[in-house]
Every structure is written in C-alpha cells, then in structure tokens.
Amino acid sequence: MLAVIARDKQLVVDTVDDPVPGSGEALVAVTACGICGSDLHMLRYGDRMIEQTLEAGMPLLFDPKRDYVMGHEFACEVLELGPDCDGAPVRPGDLVTSLPVALTSTGIEPVGAYSNVYNGGYAERMRLTAAICMKVPNGLDARRAALTEPMAVGRHAVGKADLAAGDTTLVLGCGPVGLAVIAELRRRNVETIVASDFSPSRRAVAAAMGATEVIDPATEPAIDAWRRVTGGMKPLVIFEAIGVPGMLDRAMKDAPAQSRIVVVGVCMETDHVHPSVGIMKELHVQFVLAYDPFEFADTLRTIAEGEIDVTPMVTGVCGLDGVAGAFAVLGDPEQHVKILVEPGRSGPIENL
Ligand SMILES: [Zn+2]
C-alpha cells in the first residue's frame, strides 16, 4: 500500500508492506486523518522528543532514525476483522475511530506516533485493536470524526482545570489545541472565554468556536483584555496553549493571585520561570497530557450530537502526496488550522 514515510527527517510517499491484522485486530482503510502539531515536532525534533520522553520515565521502543508512518487523528472504515475478534464492537463497513494505541500481548503500543511497528493514518490502511475501536455514531462524517483526538485534548485540559461556577478563562494561543479548549469551555457554558492570538484568521476561528472575546496581543495584552472584560476581580484560569519559551513565565507574572494556569501547549525547549512569583501569588500550575478513554469516547459523542462543531477548524484536505506540502504550510498560522489527509484523494491542499 501507499504511505507517507518519515525517513531522514523528510516525508516521502512510498509503498510499504500491506498491514495484516493479527489476533484481535481490525484492518481498516483510512478515510481521513488530521495533521497534528506534534507530528511536525516529531519530524523536526524527533531525537529531542525521544530524549525528553525517556527523561520523563516513559518506556519507549521507538527509533526515529528508522522509517515510521505518522497520523494519530483518524477516522477509518473497517475492511476486515482478524482472528479472535469475537465480540468486537465493530464490523466490516463501519466508520470507526480509536485512541491511537494498540493493545498487544506485551502491553500498550502507540499507533501513528512513537512507533515503527504500527503505522498511522498517513497511509491507505492501518491495523487497530478491534476491541477498542469506536463506531462513529449519528451519521457523523469522517472529516469531523477525525477531530475526536485533538478535541479530546481540549476536553481533558478543561477537565483538569476543575472549573467552578464564576470562574473566568483566558486562552493563550488559538492553534488546534487552544481551539479545542475553547470549544470545550463553550460546551460547558463558561461565561467568559477570552482568547488571544496574533493571527487574524485563527482569531476568527476562535470566535466561531465559542470564544466570547478575541484579542490581538499585539494591540492589547491578553491580561488587560481579561481585566477589561471582567473587571479583574473574578477567579481566573489561564490555558497556555502556545508552548514557546517565556510564555509560562509571562502567564505567571500576569496572573492575579490564586489563579490557576493549565499548561497544554508543548514547549520543546528548556524554559524558565520565576518560582518566587508563583509562590507570592500562590499560583496553581497544572501540566496536562492527552486524555483518558472515557474522555475520548465522550468527545466523539459531543461532536456527533452537535454539542461541539469542529467544522470551522478544518481548513484544508489533501492526498498522501500533499502531506509534505501541508507540513510546510502549517508552519504559517495565517494559512491553515487543521489539514486532513484523505488517502482516497490525490493532490495538494484543497482549501475548505
Ligand atoms: Zn494530535
């Protein structure tokens, strides 16, 4: 089959062996797969990401110097079930999504990220653990179903914030992660959602997805906008969704005493903060990662039932041969938010 292979820090379209479903696995055809910022990171800074994953104490058998196929935000059609799939919740023909992991006899393997074994969705076909595939409900189309994974990240970040009635929120950065946070805040009827991004197009998407005030930090510092909107006396939760050095330090300096800061943007550099600032203001800083299976499943439900509309986020689609170009374009926040790969088509990005 055809796949987009990450090889020597480049993306090349080439043929790879057809995946063969093993015990308990489903063979699926990829219908749509989102390109994630972490994929861009992995291609460029793979070695550093591995180093930091190991430093965090997470076991890893992945070698970015060998070929791998990324893509962990997928919606797929089940083609066939392998052996030992009795009782699987899906059958051939079903449109499904799944957490990007495989349950194997030796443990949990990542799929489409951090794996040389399980290819991801930048390919025509994949194998998934049938028992944890989730059938896409309610006639939801593959494009929106593929947004389950990134939206689950926002769902989890907001859950970790443990919001109380009367809390106000400030979202720094309106890339896919910030937008997922905004969508979840809106779903929970949070009254004040101030969102900040330098990009006019991303600010427009933020407004469409539920931000109650969108601001350009070049003309008004985000914290000033929050004060203007709220009067500055209400409890504040800041979501840091930018992930570049200095942002967390800035957020800690800006935050009023007793504020909470949820760090959801992934900064790959060494960064600095001033702990005394956090101490003097008794800030609560929470780092968050990914989601749990229940959050993932319920995120699919919220999209399928229309509680969250992900349509404004999906700004382009391309074929496998368009993925390398899409990676290049995603570096510019003016052009795209989320590009989906549809292996069934060919060609460069079509704007939506
Ligand atoms: Zn992702």
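Up top is the structure.
What comes next is a walk through the structure. (Residues numbered from 1 in each chain as written. Predicted model: local features only at pLDDT ≥ 70, side-chain atom pairs only at ≥ 80, totals over all residues. Heavy atoms only, no water.)

### A word on the nonpolar core
Step number 1: In this structure, Met-151, Leu-179, Val-181, Ile-182, Leu-185, Phe-239 and Met-313 are the most contacted members of the largest nonpolar core, which totals 49 residues.
Step number 2: Leave out the neighbours within four places in its chain, and Val-181 touches Gly-154, Ala-157, Val-158, Val-171, Phe-239 and Val-264.
Step number 3: Within the second largest apolar cluster, 44 residues are counted, among which are Ile-5, Val-28, Phe-74 and Val-329. (Core = buried A, V, L, I, M, F, W, Y, C linked by side-chain atoms within 4.5 Å. Buried < 20%, exposed > 50% of the residue type's maximum accessible area, 1.4 Å probe, protein only. Contact = heavy atoms within 4.5 Å.)

### Some thoughts on the environment of Met-58
Step number 1: For Met-58, the location among the structural elements is in the loop between α1 (37–55) and β4 (73–81).
Step number 2: Discounting chain neighbours no more than four positions away, the residues touching Met-58 are Thr-53 and Leu-289. (Helix = DSSP H or I, 4+ residues; strand = E, 2+ residues; numbered from the N terminus.)

### Quick look at helix α7 (residues 247–254)
Given 3.6 residues per helical turn, the α-helix brings residues three or four places apart onto the same face.
Step number 1: Listing the buried residues of α7 in full gives Met-247, Leu-248, Asp-249, Ala-251 and Met-252.
Step number 2: Among the structural elements, β10 (168–172), β13 (236–240), β14 (260–263), α8 (275–281) and β15 (284–287) are those in contact with the buried residues of α7.

### Some thoughts on the sheet that holds β15
Step number 1: An order of β12-β11-β10-β13-β14-β15 is seen for the six strands of this open sheet, with the pairing classed as parallel. Looking along the sheet, the strands with just one partner apiece sit at the ends: β12 (213–215) and β15. Pairs of neighbouring strands in the sheet enclose a mean axial angle of 15°, with direction left out of account.
Step number 2: Direction of pairing for β13 relative to β14: parallel, over a ladder of four bridges. Bridge pairing in β14 links Val-237 to Arg-260. (Pairing = 2+ DSSP bridges. Axes fitted to C-alpha atoms, helices over the stretch in contact; angles between N-to-C directions.)

### Remarks on the coordination of the zinc ion
Step number 1: With distances of 2.1 to 2.6 Å, the protein atoms coordinating the zinc ion are Cys-36 (SG), His-72 (NE2) and Glu-73 (OE).
Step number 2: Of note, the zinc ion draws all its donor residues from one chain, in the sequence arrangement C-x35-H-E. Here Cys-36 is found in the loop between β3 (25–34) and α1, whereas its partner His-72 is found in the loop between α1 and β4, with 36 residues between them in sequence. (Donors = N, O, S within 2.8 Å, 3.2 Å for Na, K, Ca; no water.)

### Observations concerning the packing of aromatic side chains
Step number 1: What the rule picks out here adds up to four aromatic pairs.
Step number 2: When the ring of Phe-62 is compared with that of Tyr-114, the centres are 6.1 Å apart and the planes differ by 70°; the resulting orientation is edge-to-face. With Phe-62 in the loop between α1 and β4 and Tyr-114 in the loop between β7 (107–110) and β8 (125–129), the pair connects residues that are 52 residues apart, well separated along the chain.
Step number 3: When its relative accessible area of 6% is taken as the criterion, Phe-62 is described as buried.
Step number 4: For Tyr-114, a relative accessible area of 25% translates into the label partly exposed.
Step number 5: Aromatic rings pair up to connect Phe-62, Tyr-68 and Tyr-114 into one cluster. (Phe/Tyr/Trp six-rings, centres within 6.5 Å; stacked < 30°, edge-to-face > 60°.)

### Quick word on the environment of Pro-217
Step number 1: Looking at the element boundaries, Pro-217 is found in the loop between β12 and α6 (222–230).
Step number 2: Note: C-alpha distance between Pro-217 and Ala-195 (22 residues apart in sequence) is 9.6 Å.
Step number 3: Beyond its immediate chain neighbours, meaning those up to four positions away, Pro-217 contacts Ser-196, Asp-197 and Phe-198.

### Side note on the packing of helix α3 (residues 148–161) against helix α4 (residues 176–187)
Step number 1: One can describe the packing of α3 onto α4 by two numbers: an axis separation of 7 Å at closest approach and a directional angle of 60°. On the basis of the axis angle, α3 is oblique to α4. Along this stretch, α3 crosses α4, giving a crossing that reads as right-handed. Of the residues in α4, those touching α3 at Pro-150, Met-151, Gly-154, Arg-155, Ala-157 and Val-158 are Leu-179, Ala-180, Val-181, Ala-183, Glu-184, Leu-185 and Arg-187.
Step number 2: Of the residues assigned to the contact of α3 with α4, the class counts are nine nonpolar, one polar and three charged. (Parallel < 35°, antiparallel > 145°, perpendicular 65-115°, else oblique. Left-handed = near helix turned anticlockwise from the far one by under 90°. Nonpolar A, V, L, I, M, F, W, Y, C, P; charged D, E, K, R; others polar.)

### Section: the side chain of Arg-155
Step number 1: Note that Arg-155 resides in helix α3.
Step number 2: The exposure class assigned to Arg-155 is buried, which follows from its relative accessible area of 12%.
Step number 3: Excluding anything up to four places from it in sequence, Arg-155 contacts Glu-184, Arg-187, Arg-188, Glu-295, Asp-298, Thr-299 and Thr-302.

### Quick look at the pattern of salt bridges
Step number 1: Applying the stated criterion across every chain, the model contains 27 salt bridges.
Step number 2: For Asp-47, the salt bridge identified is with Lys-65, shortest N-O distance 4.0 Å. You can see Asp-47 sitting in helix α1 and its partner Lys-65 sitting in the loop between α1 and β4, a full 18 residues away along the chain.
Step number 3: The class of Asp-47 is partly exposed, set by a relative accessible area of 37%.
Step number 4: Judged by its relative accessible area of 64%, Lys-65 is exposed.
Step number 5: The salt bridge partner of Arg-301 is Glu-305, with a shortest N-O separation of 2.9 Å. (Salt bridge = Lys/Arg side-chain N within 4 Å of Asp/Glu carboxyl O.)

### Some points on α6
Step number 1: Of all the residues in α6, the buried ones are Ala-222, Ile-223, Ala-225, Trp-226 and Thr-230. The buried residues of α6 all sit within an arc of 155° when viewed along its axis, so they share a single face.
Step number 2: Where α6 is buried, its residues touch β10, β11 (193–196), β12, β13 and α7.
Step number 3: Among the residues trailing α6, Gly-231 stands out with phi positive, at a value near 85°. (Arc of directions from axis to C-beta.)

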